[in-house]
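Coordinate inspection notes
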Amino acid sequence: MYGHPEAAKLAYLGLYALQHRGQESAGIASTDGADIRVHRSLGHVQEIFTPEVIARLPGPAAVGHTRYSTTGDTTLMNAQPILIDCNKGKLALGHNGNLTNAMEVRRRLEHRGSIFQTTSDTEVIVHLIARSTARNLSGALADALNQVEGAYSLLVLTRDEMYAIRDPRGFRPLVLGRLDGAWVAGSETCAFDLIDAEYVREVEPGEMVRISRSGIESIRFAPEKQHQYCIFEHVYFSRPDSLVFGRAVNESRERLGRLLAREHPVEADLVVPVPDSGVPAAVGYAAESGIPFRMGLIRNHYVGRTFIEPEQAIRDFGVKLKLNPVRRMLEGQRVVLVDDSIVRGTTSRKIVRLVRAAGATEVHVRISCPPTISPCYYGVDTPRRDELIASHNSTEAIREFLGADSLGYLSFESLRAAVDDKEKKFCTACYTGIYPTELVQLEVEALREG
């Protein structure tokens, strides 16, 4: 938020809407023009930001962050925004994405005497800004970002300015909005909806938007590169009520489901989603197939980060805690179980077991994306290749492991059709193993040869 008397309060509400993007820690930094104050903690947004905490974050500008670690440990020191005081002044920085050359740059900086406080890749950017010889902050930011590779959507707060920056390939979303004369920037438009802000446009790949008292200025800090929007944002990561990469997420997901029904039809009585992420695709599958849609699995939304497990083993306890089958609905029925993806396969196997135990006579699993065969290096926490069930198993072997009567994945062509990707603007590395950044591709090839 920039230019609003209740900036920290609105940043908190925005983070609340973006809680799905990270549940490990959260933080808000605010400025009153004289100083920047920050509050960060482990936990969920609602737990961290009490009215007393918000009251200690005054000023008309604030940036907030929810963390989901892909690089660095889950510790308070890695929580963001990161606050630094350097030769460019005091600044707070929040980062969404993953730098693919962070280790290499970090080694180089440590060799020159830089001392790192965190294990997060984001701190690399901070050190590069501090070391830049550029006269102003926008020059130092450009200097720093032209030395890193990978995915970054950044918000930077100074005592009197805010910057919204997106990497030249545009891996992660970043959008701009307006609220009563104030400017707002964030990862998804659902955060704007909550605070009644009006969506204006995306921050373009390779663009740095500088927001100050004199308005906004657009700075191109990097040469144009082939766009690589993360397709997983539309498959799973973003909230369905958001506009991401200029497309309505819910529309993409329903279309994924419709195309899935065309490619993998089956005779069945019910289409049941795995809530919540499987719901829009299941709606599409049901609409296209004519099979009735039913919420046959009920999700408990109040599962905390810790719970007390009974000492005596209860089969599939973790999944039962989150999902409960509606037995009377499923009993004696042939069920199409729709989910957005299979990663390791262990959770899907437990859900199939749960549906069978509730009395379903057949369980047909349908997945609204292709098999996930490769890890993501750009900000989605997918496991190592050998932990991905589809990287070393056939669809038939996965079906057997799940204990399903049939298994159907959406084809790669239909995935691209669902997001209308005629110009190949989406990154699909998790489904193809072909990475858009050179360093990762070389590393992956070396591993395969090894």
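Data block above holds the structure.
Here's a quick rundown of the structure. Because the structure is a prediction, the values reported are computed rather than measured. (Residues numbered from 1 in each chain as written. Predicted model: local features only at pLDDT ≥ 70, side-chain atom pairs only at ≥ 80, totals over all residues. Heavy atoms only, no water.)

**Quick notes on the overall build of the protein**
Rules: Secondary structure elements follow DSSP: runs of H or I no shorter than four residues count as helices, runs of E no shorter than two count as strands, and numbering proceeds from the N terminus. In this description the radius of gyration comes from C-alpha coordinates, and the expected globular size is given by 2.2 Å times residues to the power 0.38. Buried means the residue's accessible area, taken with a 1.4 Å probe over protein chains only, is under 20% of the maximum for its type, while exposed means over 50%, and partly exposed covers the values in between. The criterion used for residue contact is that any of the two residues' heavy atoms lie within 4.5 Å. A 1.4 Å probe and the Shrake-Rupley method give the accessible areas. Residues count as covered only by the protein chains that appear here. Under this rule, positive means Lys or Arg and negative means Asp or Glu; His and the chain ends count for nothing. Here the site of a charge means atom NZ of a Lys, CZ of an Arg, CG of an Asp or CD of a Glu.
Along the backbone of the protein there are 17 helices and 22 strands. Computed over the C-alpha atoms, the radius of gyration of the protein is 23 Å, within 12% of the 22 Å expected from 2.2 N^0.38 for a compact globule of 450 residues. Dimensions of the protein, computed from C-alpha atoms along their principal axes, come out at roughly 70 × 55 × 45 Å. For the protein, the residues scored as buried account for 55% of the 450 residues in total. Across the protein, contacts joining residues at least 24 apart in sequence account for 66% of those joining residues at least 6 apart. By element, 49% of the accessible surface of the protein is carried by carbon and sulfur atoms, the whole surface being about 19,700 Å². In the protein, which carries 53 positive and 57 negative side-chain charges, the distance between the mean positions of the two groups comes to 1 Å.

**A few points about the pairing of strand S19 (residues 334–339)**
Applicable threshold: Strands were regarded as paired on the criterion that DSSP finds at least two bridges between them.
S19 sits mainly inside the fold: five of its six residues count as buried. Note: strand S16 (residues 270–273) against S19, four bridges, orientation parallel. Bridging across to S19, Val 272 finds its partner in Leu 337. The sheet contact formed by S19 and strand S20 (residues 362–367) spans six bridges and is parallel. Paired with Arg 334 across the bridge in S20 is Glu 362.

**With respect to the sheet that holds S19**
Operational definition: Lines fitted to the C-alpha atoms define the axes, with helices restricted to the stretch that makes contact. Angles between their N-to-C directions range from 0 to 180 degrees.
Pairing within the open sheet is parallel, and its four strands lie in the order S16-S19-S20-S21. The two strands at the open ends of the sheet, each matched to only one other strand, are S16 and strand S21 (406–409). Adjacent strand axes in the sheet meet at a mean angle of 20° when their direction is disregarded. Sitting on the sheet, helix H14 (residues 395–402) is in contact with S20 and S21, with an inclination near 130° to S21.

**A word on helix H10 (residues 279–289)**
It helps to recall that an α-helix has 3.6 residues per turn; residues three or four apart then point in one direction. Every buried residue of H10 is listed here: Pro 280, Ala 281, Ala 282, Gly 284, Tyr 285 and Ala 286. Each element contacted by the buried residues of H10 is listed here: helix H9 (249–263), S16, S19 and S20. Two residues or fewer past H10, Gly 290 is found with a positive phi of approximately 80°.

**Observations regarding a nonpolar patch on the surface**
Defined as follows: In this scheme, patches are assembled from residues that exceed 30% relative accessible area and form no salt bridge. Like charges are connected within 9 Å, while nonpolar side chains (Val, Leu, Ile, Met, Phe, Trp, Tyr) are connected within 5 Å. Here, a salt bridge means any Lys or Arg side-chain nitrogen found within 4 Å of an Asp or Glu carboxyl oxygen.
On the surface, a cluster of nonpolar side chains totalling about 250 Å² of accessible area is made up of Leu 13, Tyr 16 and Leu 194. With respect to the helices and strands, Leu 194 occurs in helix H7 (residues 190–194). Residue Leu 194 is classed as partly exposed on the basis of its relative accessible area, which comes to 44%.

**Focus on the sheet that holds strand S9 (residues 182–186)**
Strands sit in the order S9-S8-S10 across an open sheet of three strands; the sheet is antiparallel. Both edges of this open sheet fall to S9 and strand S10 (198–202), since each of them pairs with a single strand only. Ignoring strand direction, the axes of neighbouring strands in this sheet form an average angle of 30°.

**Overview of the environment of Glu 47**
Turning to its location among the elements, Glu 47 is positioned in helix H2 (residues 45–48). The exposure class of Glu 47 is partly exposed, given its relative accessible area of 45%. Here the alpha-carbon distance between Glu 47 and Tyr 16, two residues 31 residues apart in the chain, equals 11 Å.

**Quick word on the packing of aromatic side chains**
The description of an aromatic ring pair rests on the distance of the ring centres and on the angle between the ring planes. Here is the rule: Note on ring pairs: Phe, Tyr and Trp rings are taken, using the six-membered ring of Trp, and paired if centres are within 6.5 Å. Classes follow the plane angle, with under 30 degrees stacked, over 60 edge-to-face and the rest tilted. Here, a charge over a ring is recorded when the distance from Lys NZ or Arg CZ to the ring centre is within 6 Å and its angle to the ring normal is within 35 degrees.
Across all of its chains, the model carries eleven aromatic pairs by this definition. Ring geometry for Tyr 377 versus Tyr 435: centroids 5.2 Å apart, planes at 75°, classification edge-to-face. With Tyr 377 in the loop between S20 and H14 and Tyr 435 in the loop between helix H16 (429–432) and helix H17 (438–449), this pair connects stretches of sequence that are 58 residues apart. On the basis of relative accessible area, Tyr 377 is assigned to the partly exposed category, the value being 25%. An aromatic cluster is defined as three or more aromatic residues linked by ring pairs; in this entry it consists of Tyr 68, Phe 232, Tyr 236 and Phe 237. Of note, Arg 178 hangs over the ring of Trp 183, and the distance from its end group to the ring centre comes to 4.1 Å. Positioned above the aromatic ring of Phe 401, the side-chain terminus of Arg 349 is 4.3 Å from the ring centre.

**Describing a positive patch on the surface**
A cluster of basic residues, Arg 315, Lys 320, Arg 327 and Arg 349, forms a positive patch on the protein surface. Secondary-structure assignment places Arg 349 in helix H13 (residues 346–357). Assessed through its relative accessible area of 33%, Arg 349 is described here as partly exposed.

**Points about the pattern of salt bridges**
Opposite charge on two side chains permits pairing when their charged atoms draw close. Taken as a whole and assessed by the stated rule, the structure comprises 28 salt bridges. Its salt-bridge partner being Arg 220, residue Glu 224 comes within 4.0 Å of it at the nearest N-O pair. When its relative accessible area of 58% is taken as the criterion, Glu 224 is described as exposed. With relative accessibility at 47%, the residue Arg 220 sits in the partly exposed group. We note a salt bridge from Asp 269 to Arg 334, for which the minimum N-O separation is 3.0 Å. Residue Asp 269 is located in the loop between H9 and S16, and its partner Arg 334 is located in strand S19; the two are separated by 65 residues in the primary sequence. Taken together, the shared-partner salt bridges in this structure form one network comprising Arg 21, Arg 172, Glu 188 and Glu 233.

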